[in-house]
Amino acid sequence: MDENQTIDQDRIIKINIEEEMKSSYIDYSMSVIVARALPDVRDGFKPVHRRILYGMLGLGNTSDKPYKKCARVVGDVLGKYHPHGDSSVYGALVRLAQDWNMRYTLVDGQGNFGSVDGDSAAAMRYTECRLSKLGERIMDDLDKDTVDMDENFDATLQEPQVMPTKIPNLLVNGGNGIAVGMATNMPTHNLAEVLDGCCAYIDNPDIDTEGLMQYIKAPDFPTGAYIYGLQGVKDAYETGRGRIVLRAKAEIESDESHDKIVISEIPYGVNKAQLIENIADLVKEGRLEGISNANDESGRQGMRIVVDVKRDANANVVLNKLFKMTQLQSSFSVNNIALVKGRPRLLTLKECVKYFVEHRHDVTIRRTKYDLKKAQERAHILEGLIIACDNIDEVVQIIRKSETPSEAQRNLEKRFELDELQSKAIVDMRLSQLTGLRIEQLHAEYKELEELIARLQLILDDPEECKRVMKLELEEVKEKFGDVRRTEIIPDEHEFNAEDFYPNDPVVITVSHLGYIKRTPLSEFHEQARGGVGSKGANTRDKDFTEYIYPATMHQTMLFFTKKGRCYWLKCYEIPEGDKTSKGRAIQNLLNIDADDSVNAFLRVKGLNDVDFIKSHYIVFATKNGTVKKTSLEAYSRPRTNGVNAITIAEGDEVVDVRLTNGKNLLIMANRNGRAVYFDENTVRTMGRTATGVRGMRLDGGDDAVVGMIVVNDPETETVMVVSETGYGKRSFVADYRKTNRGGKGVKTLNITDKTGKLVAIKNVTDDNDLMIINKSGIAIRLAVANFRVMGRATQGVRLINLSKKNDVIASVCKVKTSDKEAELNENDEENPNNGVMPTDEQGVANATNETQIEGNEANDGVEGEADATE
């Protein structure tokens, strides 16, 4: 091995690569955290912002001077303080001038500085800038030794470590940045509110977050909009982290042709052009319906985004969908991380205020000491000048006899006991200062300096005086630059409810024999004359037909009961929509129903969240074999995806009807052989959810079975309507039915003959009702009940519908409100805010003659007023 190889090996230092990677990465991350990405808690600036403002001040680029090219500012900052890329400096400079990013701009820009649509600023050779008035106040007293200075990167210049700001910039303008292993995202605030909070903290350092929120209510964003709910704000202020929900400011404008949604303010940080593009994409994809067009009509008057709503769509529903599916509602995730004494910390609102106030105290003390020192130095000089003026003749004589200025200074010091500064000031005096006016001015200036020195000394000696000065300065800034809040606060956060996206319109739920379900607007069905052949109903598969018709409204909850005794839940808007002729969707695709089971009874209720309601109402079951069971509604008030056991069904039996009662109703059960039993609900005791029940009606055997059960609301006004297989039916008075105990065979309700066929349905109706009848061939007809006279309960009745096909029979019967009543209610919607809620009597039982809902073989004939009211 030669000598050169030995020397080379001696120069090689062996290190562990893992340890080197760790230490190098830590050094890099600390550099990013401290010197690049995170703001200082005192002035709220990152180094690049601080250097931009300081560089502009050094160039004399202030608000009272003409604009300078941004390229000149960027070049000066790069060359003197910030040796990084020019794009990073120019990007930071541009943001300081954007009024949709900064709550209070610190740079006054001229030219294209970008837009809220995401457009980038013009190149820095085209744009011009200068400090704003507020930006200048950030650097007030910078020349009075108020902050420590550091050497720049090449040690040729000095730059401030922090700005002596009078503006709590960290809170006022917020900030965001991504460091290594941490990030910060701080919202903007209203200057006047924050300054009031700072003054409150100065008065009472023990103030808590709740106390500060009396002044600093919530963030205030430059783009306005709404803060939706204060819980996220409280979390952010108390812990440093929180989620603030923002919602655009939108209004619905109506004209003759259609409604418009006009958006005037959008959430902070949302790109307006992308927002409109997103709305258009959702419409094209079919995910957002009811919108015909979306235009940006923004101009000098402000932002204006216009969304045209289709004529047949509900503008409120469309707006709620926009909030849900687009950035018209967004959230701001607060993460208050800033540098405190060079270390990153998660800060609460009080800590942000505390560190700013402490910084202002330090600046005030250091400035006061500087001013005191300068005042004392000037007073010291003035003392010498006053001595000279009082002895001017002797002073002139001493100066004339001296050969040099330095000798004159020494002679003056010796004669009048002056120091070098005073003697030099006397020797340098101009002859004009010897006039009487100038001598008086010297005495007046000295007196003022004495008063100033006393005031400054008081500030240093008395903490209360120091606080007073701090508050006066903050109040002065507030008076000059404070403005009104832009972002309005809606205190109670409203979580999106699926009901917000659907109008509460009346609908008809239809279920086919093979288990296909759909909802259809009630308006699609029209009244016909008695004895007509009806209109075309649903298009069904071979051997399928519409078997059940269950009216409801969009917001109601539907409880599904299967023949095997299971219970499932769906909101009506969750049921697929279809027109009168569409097939619908298989229930098995909506509910987890066993293959050998099927839904054959429904209940509709307004909601399951009303504790008093669910505890005071009951579900009554009727089975094919005549069993009846009563259970509290509360047992069925907690929806489960897989359903629950609603009743234990004996072998060979199945559920045929389910009703909602108030515990005091009268029940009528009817069987296929045309008999009915009328008994009091109280004769059926309340049982558990999985109980079997007790005998409600004794059957004749053979193919006899219970066909239905009704709840009588008002025996005086209601009548009993029964319909047979071949389309015969009749009305009878409730009083014609003798009340008996449950478990009996009952009395005749329809005279069953070969012509009428077996009984298929029983309803309680009034003259305000219509009947909707569908046969197995799919033909539907709507008849006015008022056209049928009341007959004896043992008669055969009259023909309701002509069955055009051989062997065709009635499949389902439903009662609805008359068309005239519906039209009347629609006309009175605006005048009657409670339209849809039926009046109830003293026992809480709804008056069926005044009901506003369609109602049928599905739910609560006994308590329609509460269970079926339209909101």
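As recorded in an unreviewed UniProt entry, the protein goes by the name DNA gyrase subunit A, listed as coming from Hoylesella loescheii DSM 19665 = JCM 12249 = ATCC 15930.

Looking now at the pairing of strand β39 (residues 779-784). A large share of β39 lies buried, amounting to 6 of its 6 residues. Burial of β39 is two-sided: the residues Ile779, Ile781 and Leu783 facing one way and the residues Ala780, Arg782 and Ala784 facing the other way are all buried. Two elements, strand β38 (residues 769-775) and β39, share 5 bridges in a ladder whose sense is antiparallel. Residue pairing across strands places aspartate 770 opposite alanine 784, the latter belonging to β39. Counting the residues in the hairpin turn of β38 and β39 gives 3 residues, including glycine 778, whose phi is positive at 95 degrees.

What follows covers the pattern of salt bridges. One pass over the structure, following the stated rule, counts 46 salt bridges. Between aspartate 40 and arginine 42 there is a salt bridge, and its shortest N-O distance comes to 3.0 Å. Taking relative accessible area as the criterion, aspartate 40 reaches 9% and is therefore assigned buried. Under the relative-accessibility criterion, arginine 42 is labelled partly exposed at 30%. Note that aspartate 428 is salt-bridged to lysine 424, the shortest N-O span being 2.9 Å. Beyond isolated ion pairs, a larger network of salt bridges with shared partners links Arg103, Glu193, Asp220, Asp483 and Arg485.

Assignment of secondary structure puts aspartate 154 in the loop between β4 (149-151) and β5 (158-160). Between the C-alpha atom of aspartate 154 and that of glycine 79, which follows or precedes it by 75 residues, the distance is 10.0 Å. Within the local environment of aspartate 154, its side chain forms a polar contact with the side chain of asparagine 152, the two groups lying 2.7 Å apart. Side-chain polar atoms of aspartate 154 contact the side chain of threonine 156, separated by 2.6 Å.

Let us now look at the side chain of threonine 127. Tracing the sequence through the fold places threonine 127 in the loop between β2 (107-110) and β3 (128-131). Looking at threonine 127, its side chain comes within polar contact range of the side chain of tyrosine 90, at 2.8 Å. Excluding anything up to four places from it in sequence, threonine 127 contacts Lys68, Lys69, Cys70, Tyr90, Gln110, Asn112, Phe113 and Ala122.

Within the structure shown, the criterion is met by 8 aromatic pairs. Between phenylalanine 221 and phenylalanine 332, the aromatic rings sit 5.5 Å apart at their centres with planes inclined by 50 degrees, giving tilted as the arrangement. Separated by 111 residues along the polypeptide, phenylalanine 221 in the loop between α9 (209-212) and β8 (226-228) and phenylalanine 332 in strand β14 (residues 329-335) bring together distant segments of the chain. Across this residue pair, the class does not change: phenylalanine 221 and phenylalanine 332 are buried.

Moving on, we get to the environment of lysine 563. Position of lysine 563 among the secondary structure elements: in the loop between β22 (557-562) and β23 (566-571). Distance in space between the C-alpha atoms of lysine 563 and alanine 601 is 7.8 Å, their sequence separation being 38 residues. Look past the residues within four positions of lysine 563 in its chain and what remains in contact with it is Asp596, Asp597, Ser598, Asn600, Ile649, Asp653, Glu654 and Val655.

As a further point, take the pairing of strand β6 (residues 175-178). Burial along β6 is one-sided: the residues Gly175 and Gly177 are buried and none of Asn176 and Ile178 is. Both β6 and strand β7 (residues 183-186) contribute to a ladder of 4 bridges, which runs antiparallel. Note on β7: the bridge partner recorded for isoleucine 178 is alanine 183. Between β6 and the antiparallel strand that follows it, β7, lie 4 residues; glycine 181 among them carries a positive phi value of about 80 degrees.

What counts and what doesn't
- Residues numbered from 1 in each chain as written.
- Predicted model: local features only at pLDDT ≥ 70, side-chain atom pairs only at ≥ 80, totals over all residues.
- Heavy atoms only, no water.
- Buried < 20%, exposed > 50% of the residue type's maximum accessible area, 1.4 Å probe, protein only.
- Helix = DSSP H or I, 4+ residues; strand = E, 2+ residues; numbered from the N terminus.
- Pairing = 2+ DSSP bridges.
- Salt bridge = Lys/Arg side-chain N within 4 Å of Asp/Glu carboxyl O.
- Polar contact = N/O pair within 3.5 Å; in protein donor to acceptor, adjacent residues only side chain to side chain.
- Contact = heavy atoms within 4.5 Å.
- Phe/Tyr/Trp six-rings, centres within 6.5 Å; stacked < 30°, edge-to-face > 60°.

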